[in-house]
Each structure stands twice: as C-alpha cells, then as structure tokens.
Amino acid sequence: LFKKTFENLDNTRAFLGMALPEPLKNAVDLSTLETDTTNYVSGKFKELFSDIVVKTRLMGDSGTMDADIYILLEHKCYRDTAIFIQLLRYMSLMWQKDLEEKKPLRVIIPLVFYHGKEKWNIPPTFSGQFNIDDEIKEFLLDYRYVLFDTRNWNFNDRENQELKDNVFLLTALGLMKSAFRNDIDTIAEI
C-alpha cells in the first residue's frame, strides 16, 4: 500500500507538503517533483533499497535554483534501530553514483514513514544513538531524518484539510495509521 500510494507523484507531492518541516517545505519546489530510478543499486542491495526516492528542485530567492534535492522515503511498520545504517547505505550508493559520473554530490533528505504499533523512540540524529559527551559527538558523522509517525497524525486536523481533495492518499494514510492498532472505528470513518 505504501509503495502503490507514493508511486503516484500527486500523492507524494500532497504528502510532502504536509509532512516536511517548514524550513524544508519552504526550500523545495514540489511542482518539479519526479521519481528517481534506483537502477544503479547492485543486486545484493536491491532488496534493501529504499521504498521511494523522489527528486525536486531547491528554491532560491528568484525561484527555482539550479540544484536538485533528493528525498528518500523509507517505510517502517516496526521500530528498527538499524535505520541509520540502512539510510546511510542508501545515501552512500547515491553519492557513489555521483562520483562515478563526476557530478557534484546530491543533497539527500531521508524521511522515515512509520506506522507501527509501538512508540517510535529512535533518536532523530545519527549521533544521538551514541551515549557519549557532546564534545566527542562533534567528531562523529551526523545526519538527521524527518519522521512521519502516523501515531501523531490526525486526518481530522485542520492542517490536513487539503488532503480531503485527495481521497486515495487520505484513505491510504488512514488505513496505514489504523492497521496495527485494529482501529476499526477510524477505518469505518474513513
């Protein structure tokens, strides 16, 4: 359901317009959204590769900049402490392709879509998983992912009003939210 929902760029565009934090929402031009192929992923990583990768343009002061931004949508229905290594592997493969093609490294924003039963309690930053002093953390590799946790999403909220125009996306998000909680009332309402 996740893959079928987000293979449709209208659905992905509407979802990102809702799920991205304001600084990212203001920095990207979602009207230029397109799906990125993952044909450069080797056979042994093919099964592990991200669910959806989309590409769009960064916005500048006078409109669209000459820079792409890639958004990696990773679907999780259970807490996965290996998420950081998995995302890093995806990003590394994408950057390796850039190096091989002698292109500048692309900007990649990982977004984790979670709709599991348990509370997502994995730190939002890579360095946050290490129990060490901040003075040491500054020497570690670090990145942050965007988390969309369906537990914190209410389809009846005012900010989701525009989703009502996209019945397929609204229904898919609501069903994924309800799936692991046996929330029959929400499913019936949808």
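Report on the accompanying structure. Quick caveat: nothing in here was measured; it's all calculated off a predicted structure. (Residues numbered from 1 in each chain as written. Predicted model: local features only at pLDDT ≥ 70, side-chain atom pairs only at ≥ 80, totals over all residues. Heavy atoms only, no water.)

## What about the side chain of D98?
Along the polypeptide, D98 turns up in helix α5 (residues 83–100). What makes D98 buried here is its relative accessible area of 4%. Filtering out sequence-adjacent residues up to four positions away, D98 remains in contact with K103, P104, L105 and R106. (Helix = DSSP H or I, 4+ residues; strand = E, 2+ residues; numbered from the N terminus. Buried < 20%, exposed > 50% of the residue type's maximum accessible area, 1.4 Å probe, protein only. Contact = heavy atoms within 4.5 Å.)

## Some words on helix α2 (residues 9–19)
Taken residue by residue, α2 has N11, T12, F15, L16, M18 and A19 as its buried positions. One face of α2 carries all of its buried residues, which in axial projection span an arc of 160 degrees. Measuring from the backbone nitrogen of D10 back to the side-chain oxygen at the start of α2 gives 2.8 Å, which picks out N8 as the cap. (Arc of directions from axis to C-beta. Polar contact = N/O pair within 3.5 Å; in protein donor to acceptor, adjacent residues only side chain to side chain.)

## Quick notes on a negative patch on the surface
A surface patch of like charges, here negative, comprises D133, D134, E135 and E138. Positionally, E138 belongs in the loop between α6 (134–137) and β5 (146–149). (Patch = residues over 30% accessible without salt bridge, like charges linked within 9 Å, V, L, I, M, F, W, Y side chains within 5 Å. Areas by Shrake-Rupley, 256 points an atom, 1.4 Å probe, with all protein chains shown as cover. Salt bridge = Lys/Arg side-chain N within 4 Å of Asp/Glu carboxyl O. Lys, Arg positive; Asp, Glu negative; His and termini not counted. Charge placed at Lys NZ, Arg CZ, Asp CG, Glu CD.)

## What to know about a nonpolar patch on the surface
Taken together, the side chains of L1, F168, L175, I184 and I187 make up a nonpolar region of the molecular surface, amounting to roughly 450 Å² of accessible area. Elements represented by at least two residues in the nonpolar patch include exactly α7 (167–179) and α8 (184–189). Among the structural elements, I184 can be located in helix α8.

## Considering the packing of aromatic side chains
Evaluated as defined, the whole model comprises 15 aromatic pairs. Measuring from ring centre to ring centre gives 5.6 Å for F84 and F126, while their planes differ by 70 degrees; the resulting arrangement is edge-to-face. Remark: F126 occurs in the loop between β4 (107–114) and α6 and F84 occurs in helix α5; sequence separation between them is 42 residues. Residue F84 shares its accessibility class with F126, and that shared class is buried. An aromatic cluster of three or more residues is present, and its members are F84, Y114, W120, F126, F130, Y143 and Y145. Looking at R106, its charged tip hangs above the ring of Y70, at a distance of 4.5 Å from the centre. (Phe/Tyr/Trp six-rings, centres within 6.5 Å; stacked < 30°, edge-to-face > 60°. Lys NZ or Arg CZ within 6 Å of the ring centre and 35° of its normal.)

## Concerning the pattern of salt bridges
Under the definition given, this model contains 10 salt bridges. A salt bridge links R106 to D98; the nearest nitrogen and oxygen atoms lie 2.7 Å apart. Sharing partners across several salt bridges, the network here consists of D36, D98 and R106.

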